[in-house]
Amino acid sequence: MGNTAAAECRVERWEDVVAVAAGNVHAATNTGRSHTVGLRSDGTVLATGWNGDGQCDVAGWRGVTAVAAGWRRTLGLLANGRVLAVGRSSEGQCDVQSWREMVVVSCGDWHSVGVRSDGTALAAGNDRRAQCAVEGWRDLAAISAGYLHTVGLRVDGRAVATGDRVTGACEVDEWEDVVALGAGSYHTVGVTASGRVLAAGDNSYGQCEVGGWRDVVAVAAGSTHTLGLRANGTVVTAGNNADGQREVDAWSGVQLS
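Scoring rules and cut-offs
Residues numbered from 1 in each chain as written. Predicted model: local features only at pLDDT ≥ 70, side-chain atom pairs only at ≥ 80, totals over all residues. Heavy atoms only, no water. Helix = DSSP H or I, 4+ residues; strand = E, 2+ residues; numbered from the N terminus. Rg over C-alpha atoms; globule rule 2.2 N^0.38 Å. Buried < 20%, exposed > 50% of the residue type's maximum accessible area, 1.4 Å probe, protein only. Contact = heavy atoms within 4.5 Å. Areas by Shrake-Rupley, 256 points an atom, 1.4 Å probe, with all protein chains shown as cover. Lys, Arg positive; Asp, Glu negative; His and termini not counted. Charge placed at Lys NZ, Arg CZ, Asp CG, Glu CD. Phe/Tyr/Trp six-rings, centres within 6.5 Å; stacked < 30°, edge-to-face > 60°. Salt bridge = Lys/Arg side-chain N within 4 Å of Asp/Glu carboxyl O. Pairing = 2+ DSSP bridges. Axes fitted to C-alpha atoms, helices over the stretch in contact; angles between N-to-C directions. Polar contact = N/O pair within 3.5 Å; in protein donor to acceptor, adjacent residues only side chain to side chain.

**Some points on the overall build of the protein chain**
Part 1: If you tally the helices and strands in the protein chain, you get 0 helices and 18 strands.
Part 2: On C-alpha atoms alone, the protein chain measures out to a radius of gyration of 17 Å, which is about the 18 Å that the 2.2 N^0.38 rule sets for 257 residues.
Part 3: With respect to the three principal axes, the spread of C-alpha positions in the protein chain is 45 × 45 × 35 Å.
Part 4: Counting all 257 residues of the protein chain, 54% fall into the buried class.
Part 5: For the protein chain, the share of sequence-separated contacts (at least 6 apart) that also reach a separation of at least 24 residues comes to 37%.
Part 6: For the protein chain, the exposed surface amounts to about 11500 Å²; the carbon and sulfur share of it is 44%.
Part 7: Of the side chains in the protein chain, 21 bear a positive and 28 a negative charge, and the two mean positions are spaced by 3 Å.

**A word on the packing of aromatic side chains**
Part 1: Applying the stated rule across the entire model yields 3 aromatic pairs.
Part 2: When the centroid spacing of 6.3 Å and the interplanar angle of 55° are considered together, the rings of Trp71 and Trp110 count as tilted. Of the two residues, Trp71 is situated in the loop between β4 (64-70) and β5 (73-78) and Trp110 in the loop between β7 (102-107) and β8 (111-116); the sequence distance between them amounts to 39 residues.
Part 3: Where Tyr147 meets Tyr186, the ring centres are 5.5 Å apart and the plane angle is 90°; that geometry is what we call edge-to-face. Note that Tyr147 is positioned in the loop between β10 (140-145) and β11 (149-154) and Tyr186 in the loop between β13 (178-183) and β14 (187-192), a separation of 39 residues in sequence.
Part 4: Through successive ring pairs, a cluster of aromatic residues spans Trp71, Trp110, Tyr147 and Tyr186.

**Description of the pattern of salt bridges**
Part 1: Inspection of every chain in the model, using the stated rule, returns 5 salt bridges.
Part 2: A salt bridge links Glu91 to Arg88; the nearest nitrogen and oxygen atoms lie 2.7 Å apart.
Part 3: We note a salt bridge from Arg158 to Glu176, for which the minimum N-O separation is 3.8 Å. Separated by 18 residues along the polypeptide, Arg158 in the loop between β11 and β12 (159-163) and Glu176 in the loop between β12 and β13 bring together distant segments of the chain.
Part 4: For Arg158, a relative accessible area of 28% translates into the label partly exposed.

**Focus: unusual backbone geometry**
Part 1: Although it is not a glycine, Arg72 adopts a positive phi angle of roughly 65°.
Part 2: Its place among the elements puts Arg72 in the loop between β4 and β5.
Part 3: For Glu101, which is not glycine, the phi dihedral falls at a positive 55°.
Part 4: If you trace the backbone, Glu101 turns up in the loop between β6 (83-87) and β7.

**Regarding the sheet that holds β10**
As a general point, the strands of a sheet are linked pairwise by backbone hydrogen bonds and lie either parallel or antiparallel.
Part 1: Across the sheet, which stays open at both edges, the 3 strands sit in the order β10-β11-β12 with antiparallel pairing between neighbours. At either end of the open sheet lies a strand with only one pairing partner, and these are β10 and β12. Strand-to-strand, the axes of this sheet are offset by a mean angle of 20°, without reference to chain direction.
Part 2: Bridge count for β11 against β12 is 5 bridges, and the pairing is antiparallel.

**A few points about the side chain of His35**
Part 1: Mapped onto the elements, His35 comes out in strand β2 (residues 35-40).
Part 2: Looking at His35, its side chain comes within polar contact range of the side chain of Thr74, at 2.8 Å.

Okay, structure coming up:
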């Protein structure tokens, strides 16, 4: 669902897909186009949408276990822990060739982050707001990159954050018992073990109005909207719906990859 001006929603013919990633961009006049990538069960990758910087040139990828999409960029995590990248690298966000033993990758607008098998983090790209300052993080289970901030989930259920603090998206220090999280452009959301959802940061479009959600097992944060996957396979939403990105009421049977 959403804006399909660049064909980023043309995925109806995709088959055997086990994971998808949407190129997330902050809302601005020059960032309206995006792309979508899909990971097949055989480790190959599909892509559709805007390809101005080659971010959809993934047809030759093999042995991929996870994908991430950012603004003008796609990352692929290989089974051997190395990372592939295509797309814009003007800020160094595709400089991941030296990364090893990775288990998680995530794309922000202008930076890329990942978690190693030992629980430490790596980052590449624009660091003007310290969004890449993750070198001291330890015991991580997950990580997510937003526009100008990065959040990490520790194995003890606590969250850490770095980057721009103006919007409040980094105010996650008091979060506990978190099992999953996601970074939007200016907000952060997390799921607790009890299925409740936490949010911090910009709420201009109501994207942080998730306090009443229950039985949620996963969340995703877009530029100005939030999605939550319930245990029963339905999806709840909050925030901006200008492009129909929240029109998921008919979705059912959705599963975590």
